[in-house]
Amino acid sequence: MIKLYVAVFLLTAFIMLVCGVYIATKHTIKQNKLNISIMQLLAVGIVACLTYTHAISVRTELAAEFGYAFYFISIDWILITFLFYSRQYTRIWIDQYASALITATIAVLDSISLFFNYKWHHAFYLVKKEFDGEWFYVFKINDYYVVHLVFCYIIVAMIIMIFIQKSYLTSGFHRNRYLSILVIFVGIILLDVVYLFFDYPVDISICLYSVASIFVSYYTLLYNPKTFVEYMLSTITERMECALVSFDENDNCIYSNQQANRMFSPGGDTKLIEDRFKRWREGRETNSISNTSWNEIYNFNGEEYRFDIHFNKIYDKRGFYCGCYFSFYDVTGDFLAYEEEKYRSSHDALTGALNRESFYEEARNILDENPEIDYVMVCCDIKGFKLINDVFGVDKGDELLVRCADTIRDRIAGGATFARLEADRFAVLVPKSRYSEEIFMTGMNQISHSLDNSQYRMVILAGVYDIYDRDAPIVSMCDGAFLAIESIKDSFKNAIAYYGDMLRHEYMTEQKILAEFETALQTGQFAMFLQPVVTVDGRITMAEALVRWIHPDRGIIAPLSFIPLLEKTGYIYKLDQYIWEQAAKRLAYWTSLGHEELSISVNISVKDFYYMDIYETLVSIVEKYHIEPSRLKLEITETIFMTEKERQIDIMSSLKDYGFLIEIDDFGSGYSSLNMLKEVPADILKMDMAFLAMDKNITRGRKIVNTIITLAKALGMMVTIEGVENEDQLNYLKGTGADYLQGYYFNKPLPVKKFEELYL
């Protein structure tokens, strides 16, 4: 019988050895205190089994006594290593280094005392005992053994307290991790108590070491983490914002979270989910289906939901197919948000009409997709809309715009589109067959009458562009319709105008001028002409720089054909800068010829102030050509000071301080005021002979001219009279005190070479 126990104990040691080898090969031991504690526990357990086996199998008393001594010592260290394991596993008392040091010190002292038992027999002594026809040595305890037991049971109590405390503090799921180990530990202790206090011949608790070691190792390193991961994954998938369904290699549904069940199988019948999957992959082998994604709409409880669906296959490490899964992401909210953002980016926030860019795109699509249908572009403009905002308030103005949009929306059907291009401007693309003046006039009259005020009559103007060239830019079509509106803005009879041949010719001419302007400027088609300015006694001291467009095909283009257009579009600043530089270059040339007394006056447009830095530009030009700034005289008109007057005056003052001479042009021909003479730092006042037109008011005109000249002289200004055309005017002006005279009487504007031949 003893041999059987020996075999069992040796098997126990072998099992623990195998368990330790497995852990060492499958898990990282270094830098992992929990794994180290398990390895220590197995190693000491193996020693305990072997020493106890040695004690009961030898026939020499001293050898048996050493076997029991090392067995008792190993019990101490089993408990110490289990205590270390408990602290690492539960993280309880993990920072109590003092208690660990004390218990380890006591264990060392106890081990030394037990080792020397063979001399003093203070802990135990041996006697022979027969068991089932065989005999072996058993120990009998002495006084010190009680101390050994007390120390052991103190450690046992500490271990139990650690697991109880952890079980109390942790969650329900994790509680099993600690209670299971606590139960098996207590079971071993109880068996050991049975052995000690009931005088059982053999310590059968050792047999449980193998079971306990395997249990602790597996439960700590494999089962617990695996179970926890499964629990976490299950919890995560249930809380995911997507429906998740997975299948094995035989197309059996092995998992579906709650969202998937609510979508496809409210009763929890996985058969419904499997049938849906089989219908999806019907006619296709699983191996031929690649990972893919798509978008699909599902209807639940009468409402549509949009899902992003992802299909993914799963392979093992060897590349064999072992299953697949579907994930369904509800993107309804994102889709609606995207649609709303898309709507906001393409529609006017106030009226709900298309905005400019979206209208151009939509109109182009309609024209391209319906080549057999003729269309017209109708644009609307509320006359004096700014006045409506000022008189009735912005809210009333907004209400009016919304009413306009609603009226247009009610009168167009499929195949038409409309937009609020800006402010009070609307555009409508409508099939020509559905357009009639009556429909639009009725709608415009309804809107006009909605502004109930007897002192103000609102007028809505409409321009109609018959689309004859479908490939033309949509913006050009709208421009044509608004050009038609421009032609009736000053009329109180018409509310609808059509873009006809005359407007088309005018528009095309303007577009041609703008298209050719840059090339003309770069190739030198713009030429500077000079008109002489003479003193009263006939000396040439100055010339005014004017511009002519010498077109290679059309010859000389009159300034009135392009200057107003360049003013309107803002391109005038490029032409002005070009003429300034030509004038400065000519002055530098005249200086080289010794004519330093001659100067040139150039014009400054109001647009120049907004498209460039006038001060820096003019200063850089005179410095580039090394000329006196006073020789490049700057002509301005009162229109420059109609907006941002203070800013413009500051710029002109800076130019005057630098040395330029400022000349007020066309004084008296427009709406000049005496306030302008007071505020503008001008050096020369230029008047037009319009005051002296040969009519019944010539006497009054001459008195005004004399008065203005006297006023200018009192202000320290020189006076230039332009528009002199005959000798009678010249004779009169000689006695007025004017400084300079200019007009066709002396000469018309001349090409630079001709001017130089005549006057230099």
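## Brief notes about the overall build of the chain
On a plain count of helices and strands, the chain comes out with 26 helices and 22 strands. Within the chain, the proportion of its 760 residues that are buried is 46%. Partitioning the contacts of the chain with sequence separation of at least 6, the portion at a separation of at least 24 is 64%.

## Considerations on the sheet that holds strand 10 (residues 425-431)
An order of 9-10-8-11-12 is seen for the 5 strands of this open sheet, with the pairing classed as mixed. Across the chains shown, the open sheet's two edge strands, defined by having one partner strand only, are strand 9 (417-422) and strand 12 (496-498). Shown here is a sheet whose adjacent strand axes are inclined to one another by a mean of 20 degrees, direction ignored. Of the pairings in the sheet, the one linking strand 8 (residues 375-382) to strand 10 comprises 7 bridges and is antiparallel in character. Along strand 10, the bridge assignment pairs Tyr375 with Pro431.

## Side note on the packing of aromatic side chains
In this description, a pair of aromatic rings is defined by centroid distance and the angle of the planes. Scanning the entire structure with this criterion turns up 43 aromatic pairs. Note on Phe70 and Phe115: the rings are 5.9 Å apart at their centroids and 70 degrees apart in plane angle, and the pair reads as edge-to-face. On the criterion of sequence distance, the pair formed by Phe70 in helix 3 (residues 61-90) and Phe115 in helix 4 (residues 97-115) is long-range, its members being 45 residues apart. For Phe70, a relative accessible area of 37% corresponds to the partly exposed category. Residue class for Phe115 comes out partly exposed when judged on its relative accessible area of 31%. Ring centres of Tyr465 and Tyr499 lie 5.0 Å apart, and the angle between their planes is 40 degrees; on these two criteria the pair is classed as tilted. One end of the pair, Tyr465, is in strand 11 (residues 460-466); the other, Tyr499, is in the loop between strand 12 and helix 17 (501-522), and 34 residues separate them in sequence. Assigned by exposure class, Tyr465 and Tyr499 land together as buried. In this structure an aromatic cluster arises from ring pairing among Phe247, Phe264, Phe277, Tyr298, Phe307, Phe311, Phe326 and Phe328. One residue, Arg425, lies across the ring of Phe482, its end atom 4.0 Å from the ring centre.

## Some details on the packing of helix 21 (residues 614-625) against helix 22 (residues 645-658)
One way to put it is that helix 21 packs onto helix 22 with a least axis distance of 10 Å and a crossing angle of 20 degrees. Looking at the two axes, helix 21 sits roughly parallel to helix 22. Taken as a pair, helix 21 and helix 22 cross one another with a handedness that is right-handed. Seen from helix 21, the contacting residues are Ile614, Tyr615, Leu618, Val619, Val622 and Glu623; seen from helix 22, they are Ile651, Ser654, Leu655 and Tyr658. For the contact of helix 21 with helix 22, the residue count by class is 8 nonpolar, 1 polar and 1 charged.

## Re the pattern of salt bridges
If you walk through the whole model with that rule in mind, you get 23 salt bridges. Here Arg539 ties to Asp537 by a salt bridge, and the two come within 3.5 Å at their closest N and O atoms. The class of Asp537 is exposed, set by a relative accessible area of 59%. Here the residues in one salt-bridge network are Arg356, Asp381, Glu422 and Arg425, joined through shared partners.

## A closer look at the packing of helix 2 (residues 33-57) against helix 3
Across the interface, helix 2 lies against helix 3 with an axial gap of 8 Å and an inter-helix angle of 160 degrees. Comparing the axis directions of helix 2 and helix 3 gives the class roughly antiparallel. Handedness of the helix 2/helix 3 crossing: left-handed. Grouping the constituent residues of the contact of helix 2 with helix 3 by class yields 20 nonpolar, 9 polar and 1 charged.

## What about unusual backbone geometry?
Phi at His121 is positive, roughly 55 degrees, even though this residue is not glycine. Along the polypeptide, His121 turns up in the loop between helix 5 (117-120) and strand 1 (124-131).

## Some details on the sheet that holds strand 6 (residues 303-315)
Read across the open sheet, the 5 strands follow the order 4-3-7-6-5; overall the sheet is antiparallel. Taken across any chain shown, the strands that pair with only one partner, and hence form the sheet edges, are strand 4 (253-256) and strand 5 (292-300). For this sheet, the mean angle separating the axes of adjacent strands, direction not counted, is 20 degrees. Note: strand 3 (residues 242-248) against strand 4, 3 bridges, orientation antiparallel. Along strand 4, the bridge assignment pairs Phe247 with Cys253.

## A closer look at helix 21
Over its 12 residues, helix 21 extends 17 Å from the first C-alpha to the last, a length consistent with the 16 Å expected when each residue adds 1.5 Å. Here helix 21 has its buried residues at Ile614, Thr617, Leu618, Val619, Ile621, Val622 and Tyr625. Where the residues of helix 21 are buried, they touch helix 19 (572-592), helix 20 (608-611), strand 17 (632-636) and helix 22. Sitting at the head of helix 21, Asp613 places a side-chain oxygen 3.3 Å from the backbone nitrogen of Tyr615. Note on helix 21: the residue one or two positions beyond its end, His626, has a positive phi of about 55 degrees.

## As for the nonpolar core
As a rule of thumb, nonpolar side chains are buried together in soluble globular proteins. Ranked by size, the top nonpolar core spans 76 residues in total, and within it Leu575, Ile604 and Ile721 carry the most contacts. Per-element tally for this core: the top contributor is helix 19, with 9 residues. Not counting residues up to four positions away in its chain, the partners in contact with Leu575 are Phe517, Leu521, Phe526, Val547, Phe562, Ile563 and Leu566.

How each quantity is defined
- Residues numbered from 1 in each chain as written.
- Predicted model: local features only at pLDDT ≥ 70, side-chain atom pairs only at ≥ 80, totals over all residues.
- Heavy atoms only, no water.
- Helix = DSSP H or I, 4+ residues; strand = E, 2+ residues; numbered from the N terminus.
- Buried < 20%, exposed > 50% of the residue type's maximum accessible area, 1.4 Å probe, protein only.
- Contact = heavy atoms within 4.5 Å.
- Pairing = 2+ DSSP bridges.
- Axes fitted to C-alpha atoms, helices over the stretch in contact; angles between N-to-C directions.
- Phe/Tyr/Trp six-rings, centres within 6.5 Å; stacked < 30°, edge-to-face > 60°.
- Lys NZ or Arg CZ within 6 Å of the ring centre and 35° of its normal.
- Parallel < 35°, antiparallel > 145°, perpendicular 65-115°, else oblique.
- Left-handed = near helix turned anticlockwise from the far one by under 90°.
- Nonpolar A, V, L, I, M, F, W, Y, C, P; charged D, E, K, R; others polar.
- Salt bridge = Lys/Arg side-chain N within 4 Å of Asp/Glu carboxyl O.
- Expected span 1.5 Å × (residues − 1).
- Polar contact = N/O pair within 3.5 Å; in protein donor to acceptor, adjacent residues only side chain to side chain.
- Core = buried A, V, L, I, M, F, W, Y, C linked by side-chain atoms within 4.5 Å.

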